[in-house]
Amino acid sequence: MMALALQWQLQLPLPLQARPPAVAAAHRRQRRLLAPVRRVPPLRARCCTSAAEAADAGKAQAAARRAYPYDEIEQRWQRHWEEHRTFRTPDIGEGLDTSKPKCYILDMFPYPSGAGLHVGHPLGYTATDILSRFKRMKGFNVLHPMGWDAFGLPAEQYAIETGTHPKITTERNIDRFRTQLKSLGFSYDWDREISTTEPAYYKWTQWIFLQLLKRGLAYQAEVPVNWCPALGTVLANEEVVDGVSERGGYPVIRKPMRQWMLRITSYADRLLEDLNDLDWPESIKEMQRNWIGRSKGAELEFSAVDKEGHDLGAKLLVYTTRPDTIFGATYLVVAPEHVLLSSLTSEEQREHVEEYKELAARKSELERTDLQKEKTGVFSGSYAKNPATGEIIPIWVADYVLGSYGTGAIMAVPAHDSRDYEFAVQYELPIIKVVSPPNGNCDPAEAYADDGIMINSCNSSSGLDINGMLSKDAAQKVIEWLESNGYGKKKVNYKLRDWLFARQRYWGEPFPVVYHDDTNEMVPLSENELPLTLPELDDFTPTGTGEPPLTKATDWVRTIDPLSKKPARRETSTMPQWAGSCWYYLRFMDPKNSNILVDKAKERYWGPVDIYVGGAEHSVLHLLYARFWHKVLYDTGLVSTKEPFKCLINQGLILGEVEYTTYRDNEGRLVSADSNSSLIDCYQEKVPADKVTKVGDHYVLKDDPNIRINARAYKMSKSRGNVINPDDVVSEYGADSLRLYEMFMGPLRDSKTWSTGGIEGVHRFLGRTWRLIVGPPLPDGSYKDGTVTTEDEPALDQLRVLHKCIARVTEEIHETRFNTAISAMMEFVNAAYKWETQPKSVIEPFVLLLSPFAPHLAEELWFRLGHPQSLAYEQFPEAKSEYLEESKLVLPVQINGKTRGTILVDKSCSEDDVFQIAASDEKLSKYLAGKGIRKRIYVPGRILNVILDQQKART
């Protein structure tokens, strides 16, 4: 009991006392419902006279250990669903009743890795399956498909390491994923299965690219990229960590390359504004807003000069969100990749600048903009004139300024920007305060970045005076002054950059363009030539020169332009992995159409996706790119909605089992984790769970409670060795147990810790449900046919228990609080075990309630209850209000105004009946026996207050 309680405590991201009362109560109820029952000691093994008898005895013991025969049940119903195509959604015009409401429920496109699923993957898939089954039973047409985002770097890198073609490994991985998903009983429409690697699919990815090209949204540009020589490809910023590739840990450098770009910035305002209408987590919307990074400010011009103030003939454009602080600009900073840097660098400083540029090229943009990193830079040797003050200020080069944001140059105001302040202190540059806080108080040892009242902001030569003005008013006046004097203008800027849409790798969609040999003119292929398929390559390793692997397919590269008949060559870069996942939700609506991306009638009916479930790690790029493409397709008239995903749900992580570690010093002696002495010189040692116990809010060794240990759960990974394979769990406990446990662990959106003890609890619950309805096992471990239910009319209390359960489960599914829905069903089973009979008319609705969560078990019980057809489309039970009202209530009883106890009474009880119940109550009777009653105050349903006659009481 104690061990399981410990495991459940560890599964909670917060201690119960830190949670809202209702949530804490729900989790206490879950733990109570899963408390282990007393185990019957195993039968003592007897001697077997033959190998056959020994085998039979082993089978009998294995059957006895199972809570119910899940393996036979699950295989039978999975075959049934596949043979009958139970979850196939008909097409419009092929039997789909479009008068019914629709619900499109979609999982984020999985990448089929070689490792297969771990138990974290089914968390979101189980949630969408519950919703899909529930909606079908509520009368909705449900679209719930599955497919594979199968292009990409991991498959290609694995192919390079093993010499196996990525097509082979991808197909093998897909087969494994599909088998695993089917083993969990998910109700996908497998007739709609798609893969981004199939030519019939990426034909339409290429078609969308051509539409982008026609609308001027696809172009080529020379841009600095994250180039990984070892991987032979360009990496996104998110794929670079600490200067090396996230996959493989290979060095990454910044290198200018000609690349395909998509003009996502043209849709920045719409991507920002339309977030307001989405039913998404506010945190995700805020991430997207920050990524788009819309800001208002000014673009102004500084003239480059030498040390004596002589004009160098170059103008530096600077973007700032705080034009009011122009008088505090004491230096400029340009990005290491700024186009004018070479001309701005003096000969004396050139060697230092080139060395710094090389160092900066090894860092990703994320590293360069890390607020915590030490600021570095180098003086360019040139200066600029501040147009407001006329002062000559130095131009520095620093990697905290990015060439891809704004103009690639900033005016540094160290008194009022923390990064500029750190840089100015580091290099002893002037700091001039120009904004005073409204209350006059600020720390002189740090930058004051808020608005305030302008000071030190007047120059008679320039004619600009903003002293005494509020920051907002001053900013507007500075912009007007800039515009009237030709120094700058008002400007709206975005952090969002155009999407780098090319990778120098083999395993991706080919670009449907060619280049004329004589003029190098780029010409798009006509749509009737799609798909342009990948050539078969035996050698798809990186070239080492920056040229993509496709350059090795010389017969494929050399071609003839079909329109002009001129010799031409194909594009050898391929599209990024994001391409195929930007629009797959549309193809699921019409997966077999070879003439158009999606039929308009089907898109109008099914779009947009009603419920989209996936990890928060895709909160920015995938969602932003998909929204961008969808808006382009909306503008072309192909889709009828402005947004692709109506409601977004992010499931939490499932962490590995809790790991316990303790410390030992150099002498091998145990050191408590809360020791005052330093633990830096100690080494850590793992401790088995059975050697640990909990004391208060921390963990100690059982054998030495003075030694406190660390207890922590980590994200599942092969390197930590804490990955739980769902195949093993299904084999030992069954798919329904895995599904139920993952939903029961806690709220869907929270991170949770895996516990094998927890899954044993839900497995026992399913076994109890089975035996409640089917009856106990026969001596050989098998079960008789049919059920133990009766045709008796249900009692009122039974109907109340049922309908209370229906109401709770229905509400909790609607709110995706699946853990508390399961708690409600557990309470029903506990109550039903106390009944003398199990009326069929009560058990059948309960089986339907259970079916979205444990579909295999529910199907088997439904069949045994006499129904030959699957329950997948049966009507979900409706709670009847007349059975939801409680007939009894707990009534407080006061004696002389002081509460002395409570009694259970019928709501319709009269005052006399209530008093008689109180007088016969064991606890209350001692206050009333032999006492005179002066007055009774009864408020029905609220309170009974008995006022004693003190005079009579004394006599």
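Just above sits the structure.
Residues numbered from 1 in each chain as written. Predicted model: local features only at pLDDT ≥ 70, side-chain atom pairs only at ≥ 80, totals over all residues. Heavy atoms only, no water.

Caption draft 1: Molecular detail of the overall build of the protein chain. Helices and strands together make up the secondary structure of the protein chain, namely 30 helices and 39 strands. If you line up the protein chain on its principal axes, its C-alpha atoms span 110 × 85 × 70 Å. Only carbon and sulfur atoms are counted for the fraction: they give 50% of the accessible area of the protein chain, which is about 44000 Å². Seen as two clouds, the 117 positive and the 129 negative side-chain charges of the protein chain have centres 6 Å apart. (Helix = DSSP H or I, 4+ residues; strand = E, 2+ residues; numbered from the N terminus. Areas by Shrake-Rupley, 256 points an atom, 1.4 Å probe, with all protein chains shown as cover. Lys, Arg positive; Asp, Glu negative; His and termini not counted. Charge placed at Lys NZ, Arg CZ, Asp CG, Glu CD.)

Caption draft 2: Here's a closer look at empty space enclosed by the protein. Across all of its chains, the model carries 1 cavity of 30 Å³ or more by this definition. The volume enclosed by the largest cavity comes to roughly 40 Å³. Looking at the largest cavity, the residues that line it are Leu153, Glu156, Gln157, Ile160, Leu231, Gly232, Gln504, Arg505, Phe540, Thr541, Pro542 and Pro549. A breakdown of the residues in the lining of the largest cavity according to their chemical character gives 6 nonpolar, 4 polar and 2 charged. (1 Å grid on protein atoms, 1.4 Å probe; cavity = no way out; pocket = protein on both sides within 12 Å on 5 of 7 lines; lining within 4 Å. Points joined across faces, edges and corners; volume = space filled by probe spheres on them. Nonpolar A, V, L, I, M, F, W, Y, C, P; charged D, E, K, R; others polar.)

Caption draft 3: Seen up close, the sheet that holds strand E26 (residues 609-614). One open sheet holds the 4 strands; their spatial order is E2-E1-E26-E27, and the pairing between them is parallel. At either margin of the open sheet sits one strand with a lone partner, and together these are strand E2 (141-143) and strand E27 (645-650). With direction set aside, neighbouring strand axes in the sheet form an average angle of 20 degrees. Sheet analysis places strand E1 (residues 102-107) next to E26, joined by 3 bridges and oriented parallel. If you follow Leu106 over to E26, its bridge partner there is Tyr612. Strands in contact with helix H5 (residues 122-137) are E1, E2 and E26; relative to E1, the strand with the most contacts, it is inclined by about 170 degrees. (Pairing = 2+ DSSP bridges. Axes fitted to C-alpha atoms, helices over the stretch in contact; angles between N-to-C directions. Contact = heavy atoms within 4.5 Å.)

Caption draft 4: A look at the side chain of Ser471. Within the secondary structure, Ser471 is located in helix H15 (residues 471-485). On the basis of relative accessibility, which here comes to 3%, the residue Ser471 falls in the buried class. From its side chain, Ser471 meets the backbone nitrogen of Gly452 in a polar contact 2.8 Å long. (Buried < 20%, exposed > 50% of the residue type's maximum accessible area, 1.4 Å probe, protein only. Polar contact = N/O pair within 3.5 Å; in protein donor to acceptor, adjacent residues only side chain to side chain.)

Caption draft 5: Just the packing of helix H25 (residues 818-832) against helix H26 (residues 840-850), in detail. At their nearest, the axes of H25 and H26 sit 11 Å apart, and the two run at 155 degrees to each other. The pairing of H25 with H26 is recorded here as roughly antiparallel in orientation. Crossing of H25 over H26 shows left-handed handedness. In contact with Met825, Phe828 and Val829 of H25, H26 contributes Val842, Phe846, Leu849 and Leu850. Residue composition of the contact of H25 with H26, grouped by class: 7 nonpolar, no polar and no charged. (Parallel < 35°, antiparallel > 145°, perpendicular 65-115°, else oblique. Left-handed = near helix turned anticlockwise from the far one by under 90°.)

Caption draft 6: Region of the structure containing the packing of aromatic side chains. All told, the structure shown has 48 aromatic pairs when counted by the stated rule. Judged by centre distance (6.1 Å) and plane angle (45 degrees), the rings of Trp499 and Trp629 are tilted. Of this pair, Trp499 sits in strand E21 (residues 499-500) while Trp629 sits in helix H20 (residues 621-636), and the two are 130 residues apart along the sequence. The class of Trp499 is buried, set by a relative accessible area of 2%. (Phe/Tyr/Trp six-rings, centres within 6.5 Å; stacked < 30°, edge-to-face > 60°.)

Caption draft 7: Representation of the nonpolar core in the model. Grouped together as the largest cluster of nonpolar side chains are 89 residues, with contacts concentrated most on Trp754, Val809, Met825 and Phe853. In terms of residue count, H25 provides more of this core than any other element does, 9 residues in total. In contact with Val809, other than residues within four places in its own chain, are Ala821, Ala824, Met825, Leu849, Phe853 and Phe876. Of all hydrophobic cores here, the second largest spans 67 residues; its members include Trp207, Ala218, Tyr515 and Tyr584. (Core = buried A, V, L, I, M, F, W, Y, C linked by side-chain atoms within 4.5 Å.)

Caption draft 8: Local environment of the sheet that holds strand E6 (residues 233-235). Read across the open sheet, the 4 strands follow the order E6-E5-E9-E21; overall the sheet is antiparallel. Taken across any chain shown, the strands that pair with only one partner, and hence form the sheet edges, are E6 and E21. As defined by bridge partners, strand E5 (residues 218-228) adjoins E6 across 3 bridges and the pair is classed as antiparallel. Within E6, the position partnered with Cys228 by the bridge is Thr233.

Caption draft 9: Summary view of the pairing of strand E38 (residues 933-939). The pairing of E38 with strand E39 (residues 943-948) spans 6 bridges and is classified as antiparallel. Across the sheet, residue Tyr938 finds its bridge partner in E39, namely Leu944. Connecting E38 to the next strand, E39, in antiparallel fashion are 3 residues, including Gly941 with a positive phi near 80 degrees.

Caption draft 10: Layout of the environment of Glu657. For Glu657, the location among the structural elements is in the loop between strand E28 (654-655) and strand E29 (659-664). Once the C-alpha coordinates of Glu657 and Asn722 are considered, the two residues, 65 residues apart in sequence, prove to be 7.1 Å apart. Not counting chain neighbours up to four residues away, the residues in contact with Glu657 comprise Arg712, Ala713, Thr753, Trp754, Ser755 and Thr756. At 2.8 Å, the side chain of Glu657 forms a polar contact with the side chain of Thr756.

Caption draft 11: Looking closely at the pattern of salt bridges. According to the stated counting rule, one finds 44 salt bridges in the structure shown. The salt bridge involving Glu643 is made with Arg627; its shortest N-O contact spans 2.8 Å. Of this pair, Glu643 sits in the loop between H20 and E27 while Arg627 sits in helix H20, placing them 16 residues apart in sequence. Among the residues examined, Glu643 registers a relative accessible area of 10% and is labelled buried. Between Arg817 and Glu811 there is a salt bridge; the shortest N-O distance is 3.4 Å. By relative accessible area, which is 46% here, Glu811 ends up partly exposed. Residues joined by salt bridges that share partners form a network here, namely Asp91, Asp189, Arg192, Asp590 and Lys602. (Salt bridge = Lys/Arg side-chain N within 4 Å of Asp/Glu carboxyl O.)

Caption draft 12: Layout of unusual backbone geometry. Residue Pro531 is bonded to the preceding Leu530 through a cis peptide linkage, with omega at 5 degrees. Here Pro531 is to be found in the loop between strand E23 (522-524) and helix H16 (554-557). For Asn896, which is not glycine, the phi torsion reads 55 degrees and is therefore positive. One can find Asn896 in the loop between strand E36 (888-895) and strand E37 (898-906).

Caption draft 13: Summary view of H15. Over its 15 residues, H15 extends 21 Å from the first C-alpha to the last, a length consistent with the 21 Å expected when each residue adds 1.5 Å. Buried within H15 are the following residues: Ser471, Ala474, Ala475, Val478, Ile479, Trp481 and Leu482. The buried residues of H15 all sit within an arc of 165 degrees when viewed along its axis, so they share a single face. Those residues of H15 that are exposed and angled more than 90 degrees off the buried face are Lys472 and Ser484. Taken together, the buried residues of H15 touch strand E10 (295-305), strand E16 (435-436), strand E17 (453-454), strand E19 (464-465) and strand E20 (488-493). Backbone geometry just after H15 places Gly486 at a positive phi near 75 degrees. (Expected span 1.5 Å × (residues − 1). Arc of directions from axis to C-beta.)

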